[in-house]
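Observations on chain architecture
Spelled out, the chains give:
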Amino acid sequence: MENYKIVTAGDSSVLIEFPQEISPRINAKISATVRLLKSQQTQGVIDIIPAFCSLLINYDPRVISYGEMKKRLEDILKIEVKAGEEGKRVYEIPVCYGGDFGPDIENIAANAGLSVEEVIKIHTSCDYLIYMLGFLPGFCYLGGLDERIHTPRLANPRLKIPAGSVGIGGSQTGIYPLDSPGGWQLMGMTPVKTYDPDREIPILVQAGEYIRFVPISEEEFYRIKEQVELGEYQVTVREGDN
């Protein structure tokens, strides 16, 4: 098992520090630890927050002491859960590329020395691992963007990027879940809401799962958008092997 440290993070939080390495192997261990923690339903645990190389557990010290919490975590971390023991869960996110939805896609293509069609083909050709959520509710930090389409952020960030925008910022790609300022180069937009406060489970995906971008036409975009607004659209979720 990987080396790790358990340290206090204030008077009601515990931080598990894993090796400082952004990799699917570390992410698989963090995701497995989250699943085990949730399955045990430990009294006093308030929140579990995974990151690239760490896991923060917020707890109520009136219900469970730091010592008890640490012992529970040590026991869980002794359980070896290998990547692949649980199936890979992939959310297929439809995206309309270019035009008003992706005003920077030609910049991305020019930076890469590729055509727009080649950029879209590359962007939609792999499953992206969700390492963590943050910055905004439902904002996914994805791994796996092909180096050929790594693109610098805009020199002058936009004051408002519409929710659903899909972009590239350096070596990362992702979806803006809410209207937000931002400096990523925008290549398209999805009609799917990755965050919806009115939904029973507001955030669509979790760390350790995957996203696959699927190209759609403008006509399909508006058809899906209407279904989303009516609560009739279901994202396709594919189960597969790691």
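The following refers to the structure shown. Nothing here was measured: the structure is a model prediction, and the numbers come from that model.

**Observations regarding the packing of aromatic side chains**
- Counted under the stated rule, the structure contains eleven aromatic pairs.
- Consider the rings of F52 and Y141, whose centres lie 5.9 Å apart with planes at 75°: the pair is edge-to-face. Remark: Y141 occurs in strand β7 (residues 140–143) and F52 occurs in the loop between β3 (45–50) and β4 (54–59); sequence separation between them is 89 residues. Y141 shares its class with F52; the two are buried.
- Ring geometry for F139 against Y176: centres 6.1 Å apart, planes inclined by 70°, an arrangement best described as edge-to-face. Taken as a pair, F139 in the loop between β6 (128–133) and β7 and Y176 in the loop between β10 (172–175) and β11 (180–182) lie far apart in primary sequence, 37 residues in all. The residues F139 and Y176 share a single accessibility class, namely buried.
- An aromatic cluster is built from F52, Y131, F135, F139, Y141, Y176 and W184, whose rings are joined through pairwise contacts.
- Here K88 stacks its cationic end above the ring of Y210, 4.5 Å away from the centre of that ring.

**Overview of the environment of P202**
- Within the secondary structure layout, P202 lies in the loop between β12 (185–189) and β13 (210–215).
- Judged by its relative accessible area of 29%, P202 falls in the partly exposed class.
- Here the alpha-carbon distance between P202 and P137, two residues 65 residues apart in the chain, equals 8.7 Å.
- P202 has contacts with T194, Y195, D196 and P197, leaving out every residue within four places of it along the chain.

**Topic: the state of the cysteines**
- The final tally for this structure, using the stated rule, is zero disulfides.
- Of all cysteine sulfurs in the structure, the one in C140 sits closest to C53, which takes part in no disulfide; the separation is 17 Å.
- Of the residues examined, C53 reaches a relative accessible area of 10% and is grouped as buried.
- Among the cysteines around C140, which has no disulfide bond, C126 carries the closest sulfur, lying 14 Å off.

**Some remarks on the layout of surface pockets**
- Of the volumes computed, that of the second largest pocket is approximately 310 Å³.
- What lines the second largest pocket is a set of 16 residues, among which R199, L204, Y233, Q234 and V235 lie closest to the centre.
- Of all the elements in the fold, those that place two or more residues in the lining of the second largest pocket are β5 (88–97) and α5 (218–229).
- In terms of residue count, the dominant contributor to the lining of the second largest pocket is α5 (three residues).
- For the lining of the second largest pocket, the class distribution of residues is seven nonpolar, three polar and six charged.

**As for α5**
- Relative to the 16 Å expected for twelve residues at 1.5 Å per residue, α5 spans 17 Å between its end C-alpha atoms, a close match to the ideal helical length.
- Listing the buried residues of α5 in full gives F221, I224 and V228. Looking straight down α5, one finds that the buried residues subtend no more than 75° of arc, so they occupy a single side. Residues of α5 that are exposed and angled more than 90 degrees away from the buried face: E219 and E226.
- If you follow the buried residues of α5, they end up packed against β5 and β12.
- Just downstream of α5, G231 is the residue with a positive phi angle, here 75°.

**Focus on the pairing of strand β2 (residues 13–17)**
- For β2, the tally of buried residues reaches four of five residues, placing the bulk of the element in the interior.
- Pairing geometry for strand β1 (residues 5–8) and β2, over four bridges, is antiparallel. Its bridge partner being in β2, K5 is matched across the sheet by E17.
- Counting the residues between successive antiparallel strands, the hairpin from β1 to β2 contains four residues, one of them, G10, with a positive phi of roughly 100°.

About the criteria used
- Residues numbered from 1 in each chain as written.
- Predicted model: local features only at pLDDT ≥ 70, side-chain atom pairs only at ≥ 80, totals over all residues.
- Heavy atoms only, no water.
- Phe/Tyr/Trp six-rings, centres within 6.5 Å; stacked < 30°, edge-to-face > 60°.
- Helix = DSSP H or I, 4+ residues; strand = E, 2+ residues; numbered from the N terminus.
- Buried < 20%, exposed > 50% of the residue type's maximum accessible area, 1.4 Å probe, protein only.
- Lys NZ or Arg CZ within 6 Å of the ring centre and 35° of its normal.
- Contact = heavy atoms within 4.5 Å.
- Disulfide = S-S within 2.5 Å.
- 1 Å grid on protein atoms, 1.4 Å probe; cavity = no way out; pocket = protein on both sides within 12 Å on 5 of 7 lines; lining within 4 Å.
- Points joined across faces, edges and corners; volume = space filled by probe spheres on them.
- Nonpolar A, V, L, I, M, F, W, Y, C, P; charged D, E, K, R; others polar.
- Expected span 1.5 Å × (residues − 1).
- Arc of directions from axis to C-beta.
- Pairing = 2+ DSSP bridges.

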